[in-house]
Amino acid sequence: QGPFYISKGFEKINHNTLDIIFLGSSNSYESISPMEIWNDLGVTSYDYGLPASRIYENYYFLKYVLTKQSPKVVFMDVTTCFYKDKQTEPMKRRSFDYLPFSKIKLEMMNDPVFENTFEDKVSILFPLLRYHDRWNRPNIYYYFEEYKTFNKGLVISSKFNPIDGKDKHMMHVK
């Protein structure tokens, strides 16, 4: 499973049942385990992260999450403030694809920070126009399958990357 299932799993959670929300990049959803927090503290939480998300994406994710939940605490992965690379088109598009259709998605789509053209906006509203050649690929079915989250947003990964201070995607403060 991957980040798509984070947003899809969030939709299955009963409204106003979470105490904590985690937002951020893979630093968040690959390292924070809501189930361990539940086991250790008895506190409900969900990790609503997105790979290499930017702070302005997390702003809209937070707005969306708050339409479904009233958490006592929200944690934000602040490394999302320091990414220096401009988002690639697929990275930018992913943030729209993961967010269900809503007033907030429309607001996000029209935010100048995303630099969406008219054609981009039309394909955000009608994804079939963008993904028309994928209709017969097996992975299209994840849009329709029933999904229940058991790990509350944690994406389990077996990769380990040491932090050496030389991440080429991050700005470094001297």
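Refer to the structure printed above.
I will try to describe carefully the structure that is included in this document. Given the structure is predicted, the values throughout are model-derived calculations rather than measurements. (Residues numbered from 1 in each chain as written. Predicted model: local features only at pLDDT ≥ 70, side-chain atom pairs only at ≥ 80, totals over all residues. Heavy atoms only, no water.)

**Quick word on the nonpolar core**
Part 1 of the reasoning: Core analysis: the largest hydrophobic core is formed by 22 residues, its most contacted members being Phe 10, Ile 21, Tyr 46, Tyr 48 and Leu 99.
Part 2 of the reasoning: For this core, the secondary-structure elements that each account for two or more residues are helix H1 (3–11), strand S1 (20–24), strand S2 (45–49), helix H4 (55–68), helix H5 (89–98) and helix H6 (103–109).
Part 3 of the reasoning: Counting residues per element, this core draws most heavily on H4, at 4 residues.
Part 4 of the reasoning: The contacts of Ile 21, once residues within four sequence positions are left out, are Phe 10, Tyr 46, Val 65, Pro 71, Val 73, Val 74 and Phe 75. (Core = buried A, V, L, I, M, F, W, Y, C linked by side-chain atoms within 4.5 Å. Buried < 20%, exposed > 50% of the residue type's maximum accessible area, 1.4 Å probe, protein only. Helix = DSSP H or I, 4+ residues; strand = E, 2+ residues; numbered from the N terminus. Contact = heavy atoms within 4.5 Å.)

**Overview of the pairing of S1**
Part 1 of the reasoning: Within S1, 5 of the 5 residues are buried, leaving the element largely enclosed by the surrounding structure.
Part 2 of the reasoning: Residues Ile 20, Phe 22 and Gly 24 line one face of S1 and the alternating positions Ile 21 and Leu 23 line the opposite face, and both faces are buried.
Part 3 of the reasoning: As paired strands, S1 and S2 are joined by 5 bridges and run parallel to one another. Looking across to S2, one finds that Gly 24 is bridged to Gly 49.
Part 4 of the reasoning: Note that S1 and strand S3 (residues 73–76) share 4 bridges and pair parallel. (Pairing = 2+ DSSP bridges.)

**Some words on the packing of aromatic side chains**
Part 1 of the reasoning: Counting across every chain of the model gives 9 aromatic pairs.
Part 2 of the reasoning: Consider the rings of Tyr 59 and Tyr 60, whose centres lie 4.9 Å apart with planes at 75°: the pair is edge-to-face.
Part 3 of the reasoning: Given a relative accessible area of 4%, Tyr 60 falls into the buried group.
Part 4 of the reasoning: The structure contains a cluster of three or more aromatic residues connected by ring pairs, namely Phe 10, Tyr 46, Tyr 48, Phe 61 and Tyr 64. (Phe/Tyr/Trp six-rings, centres within 6.5 Å; stacked < 30°, edge-to-face > 60°.)

**Thoughts on the sheet that holds S1**
Part 1 of the reasoning: Here 3 strands make up an open sheet; going across it, the order is S2-S1-S3 and the pairing parallel. Sheet topology places S2 and S3 at the edges, where each strand pairs with a single neighbour. Going from strand to strand, the sheet's axes swing by 15° on average, the running direction of each strand aside. (Axes fitted to C-alpha atoms, helices over the stretch in contact; angles between N-to-C directions.)

**Structural notes on the environment of Leu 66**
Part 1 of the reasoning: Residue placement: Leu 66 occurs in helix H4.
Part 2 of the reasoning: The spacing of Leu 66 and Ile 21 is 45 residues in sequence and 9.5 Å in space, taken between C-alpha atoms.

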